[in-house]
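# Chain and residue survey
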Amino acid sequence: MHLFIEPLDVWLFRDGRPFDAADDHHAASRFPPYPTVIQGVIRSHHLVVQKVSLNDPRQIAETVGTATNFGAFRMRGPFVARRETDGRVLRYFPQPADAIVVENMSIEIRPLQPAEPRAAIRTSARTSLLLGPDEEPRKGVPDLWLSEPNLLAYLAGQPVTGTPSHELFLFENRFGIALQPSGTTEEGKLYDVAYVRPCEHVGLAVEVTGYESWPETGLLRMGGEGRSGQFVQYSGSLWSPIPSPLPPRFKLYFATPAFFMAGWRPEAWEQFFEGTVRLEAAAVLRYESIGGRDLTKRGTHGHKDARRFVPAGSVYYFSSTGSTRLRTNLIQSAITEWGAEIGFGQVIIKEWEYNV
């Protein structure tokens, strides 16, 4: 089931920072939201579709699983998407972290190939990572997005043109003041909230398996404040197939955030690959802290424990020996140590060519 969700108003998708009274005065939003947000939206709406009583914990668990066991539910996304004039829904992905912008800060992006694999370094900055022998480091232009065809072309080594974020969505701040239970304002409790306003025909694309009987179209409650979204089912394209066996040199692009206990990489890549691989270089953006709210944790302001994730857009370069493949037991072929069922760790893998 492929869903395209468009807003009926602005949306509020919080980042990982707490926003309780007296903690902070600014609530930032992000777009697209984390998979943890949208899986909650989809699973909650499935209870509505199945007419499950929200006062029956046993039936809820049987229908959508639990917080730690998702049952048959699987999700890819959410991805920024736009409905084209011909009716197609086109997904967009974050600018790859190893890309630089050329031609007087235009939005053309070209991939850079290092002279030899270990010439590159790892950094958390949004800048050029993989440089040719005569290249000088320079900052890239942030907030560019690549359509799915352009991303695949870029990963295959072709120059492409990016789309600035303001052509897809905008943020707008709104101000308010905290209220007491009596309805009067609280002195010194001014705050502002950043909402996201997708541009016309822009929304979120989500791929869901394990749920049936959904109508072709309908309404959803979305994100903070229960804002509305309208979904429609569409004929989506399959996820980019992963080569098997993998090329002797390949690069791995994270389309969604990934979690590793050890930080920006796992302690052993062998848990994801059959065969021998060696990480040669990586372009890794600053980590993202993903938490959320847990209504069972009353004594800790209801916040879930936050995890640090490798952001979407990060790119890893590998070499391999022999016949190397992704392990067949990986959920949705995801490379992550948590959240594979709900969309974390989604990757696109292409051959990496470089000049010796």
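See the structure printed just above.
Residues numbered from 1 in each chain as written. Predicted model: local features only at pLDDT ≥ 70, side-chain atom pairs only at ≥ 80, totals over all residues. Heavy atoms only, no water.

Here the focus is the overall build of the protein chain. When helices and strands are counted, the protein chain shows 3 helices and 21 strands. By the burial criterion, 48% of the 356 residues in the protein chain qualify as buried. Restricting the contact set of the protein chain to residue pairs at least 6 apart, pairs at least 24 apart contribute 71%. By element, 50% of the accessible surface of the protein chain is carried by carbon and sulfur atoms, the whole surface being about 17600 Å². (Helix = DSSP H or I, 4+ residues; strand = E, 2+ residues; numbered from the N terminus. Buried < 20%, exposed > 50% of the residue type's maximum accessible area, 1.4 Å probe, protein only. Contact = heavy atoms within 4.5 Å. Areas by Shrake-Rupley, 256 points an atom, 1.4 Å probe, with all protein chains shown as cover.)

The next subject is the environment of Lys-251. If you trace the backbone, Lys-251 turns up in strand S15 (residues 249-254). Its relative accessible area of 2% is what places Lys-251 among the buried residues. In sequence terms Lys-251 and Ala-282 are 31 residues apart; their C-alpha atoms lie 9.2 Å from each other. Polar contacts involving the side chain of Lys-251 include one to the main-chain carbonyl oxygen of Leu-155, which spans 3.2 Å. (Polar contact = N/O pair within 3.5 Å; in protein donor to acceptor, adjacent residues only side chain to side chain.)

By size, the foremost hydrophobic cluster in this structure holds 37 residues, and its most contacted members are Ile-42 and Met-222. For this core, the elements supplying multiple residues, two or more each, are strand S1 (2-7), helix H1 (35-49), strand S3 (74-83), strand S4 (89-94), strand S12 (202-209) and strand S13 (217-222). Looking at this core element by element, the count peaks at 5 residues for H1. Ignoring any residue separated from it by four or fewer positions in sequence, one finds Ile-42 in contact with Leu-3, Phe-73, Met-75, Val-208, Tyr-211 and Trp-214. Residues Leu-252, Leu-279, Val-284 and Ile-335 belong to the second largest nonpolar core, which totals 21 residues. (Core = buried A, V, L, I, M, F, W, Y, C linked by side-chain atoms within 4.5 Å.)

Once that is clear, we can look at the sheet that holds strand S16 (residues 258-259). Taking strand neighbours across the sheet as the criterion, the 3 strands line up as S16-S19-S18 in an open arrangement whose pairing is antiparallel. Because the sheet does not close on itself, it has two edges, and the strands there are S16 and strand S18 (288-290). (Pairing = 2+ DSSP bridges.)

With that settled, consider the pattern of salt bridges. Close approach of charged atoms allows side chains with opposite charge to pair. Following the criterion strictly, the structure yields 9 salt bridges and no others. We note a salt bridge from Arg-227 to Asp-9, for which the minimum N-O separation is 2.6 Å. Here the residue Arg-227 occupies a position in strand S14 (residues 227-234), and Asp-9 occupies one in the loop between S1 and strand S2 (26-27), the gap between them amounting to 218 residues. Here Glu-148 and Arg-91 are joined by a salt bridge, their closest N and O atoms 2.8 Å apart. Taken together, the residues Glu-148 in helix H3 (residues 148-155) and Arg-91 in strand S4 connect sequence positions 57 residues apart. (Salt bridge = Lys/Arg side-chain N within 4 Å of Asp/Glu carboxyl O.)

A negative phi angle is the norm for most residues apart from glycine, just as the trans form is the norm for most peptide bonds. Looking along the chain, the bond that leaves Phe-31 and enters Pro-32 is cis, with omega of 0°. On the secondary structure map, Pro-32 appears in the loop between S2 and H1. Cis rather than trans, the peptide bond between Ser-244 and Pro-245 has omega equal to 0°. Here Pro-245 shows up in the loop between S14 and S15.

A separate point is H1. Along an α-helix, residues three or four positions apart point the same way, because every turn accommodates 3.6 residues. Across its 15 residues, H1 extends 21 Å between first and last C-alpha, which sits within 8% of the 21 Å expected from 1.5 Å per residue. With 11 of 15 residues buried, H1 lies mostly within the body of the structure. Taken as a whole, H1 has its buried residues at Pro-35, Thr-36, Ile-38, Gln-39, Val-41, Ile-42, Arg-43, His-45, His-46, Leu-47 and Val-49. Just downstream of H1, Lys-51 is the residue with a positive phi angle, here 55°. (Expected span 1.5 Å × (residues − 1).)

Judged by its relative accessible area of 16%, Arg-227 falls in the buried class. Within the structure, Arg-227 has its side chain in polar contact with the side chain of Asp-9 (distance 2.6 Å).

Mapping Pro-159 onto the fold places it in the loop between H3 and strand S8 (160-161). Sequence separation of Pro-159 and Ala-99 is 60 residues, and the distance between their C-alpha atoms is 9.9 Å.

Moving on, we get to the side chain of Gln-332. Structurally, the position occupied by Gln-332 is in the loop between strand S20 (315-326) and strand S21 (347-351). Judged by its relative accessible area of 16%, Gln-332 falls in the buried class. A distance of 3.0 Å separates a polar side-chain atom of Gln-332 from the backbone oxygen of Met-75. One polar contact links the side chain of Gln-332 to the main-chain carbonyl oxygen of Ala-340, over a distance of 2.9 Å.

Taken residue by residue, H3 has Glu-148, Leu-151, Ala-153, Tyr-154 and Leu-155 as its buried positions. Count one or two residues on from H3 and you reach Gly-157, which has phi positive near 95°.

So, on to the sheet that holds S4. Spatially, S9-S7-S4-S3-S12-S1-S14-S13 is the arrangement adopted by the 8 strands of the open sheet, whose pairing is antiparallel. Each edge of the open sheet is held by one strand with a lone partner, namely strand S9 (163-164) and S13. Across 4 bridges, S3 lies against S4 in antiparallel orientation. Opposite Arg-82, over in S4, you have Leu-90 as the bridge partner. Against the sheet, H1 engages S1, S3, S12, S13 and S14, with an angle of about 100° to S3. Packing against the sheet, H3 makes contact with S4 and strand S7 (144-147), and its axis sits at approximately 95° to S7. (Axes fitted to C-alpha atoms, helices over the stretch in contact; angles between N-to-C directions.)

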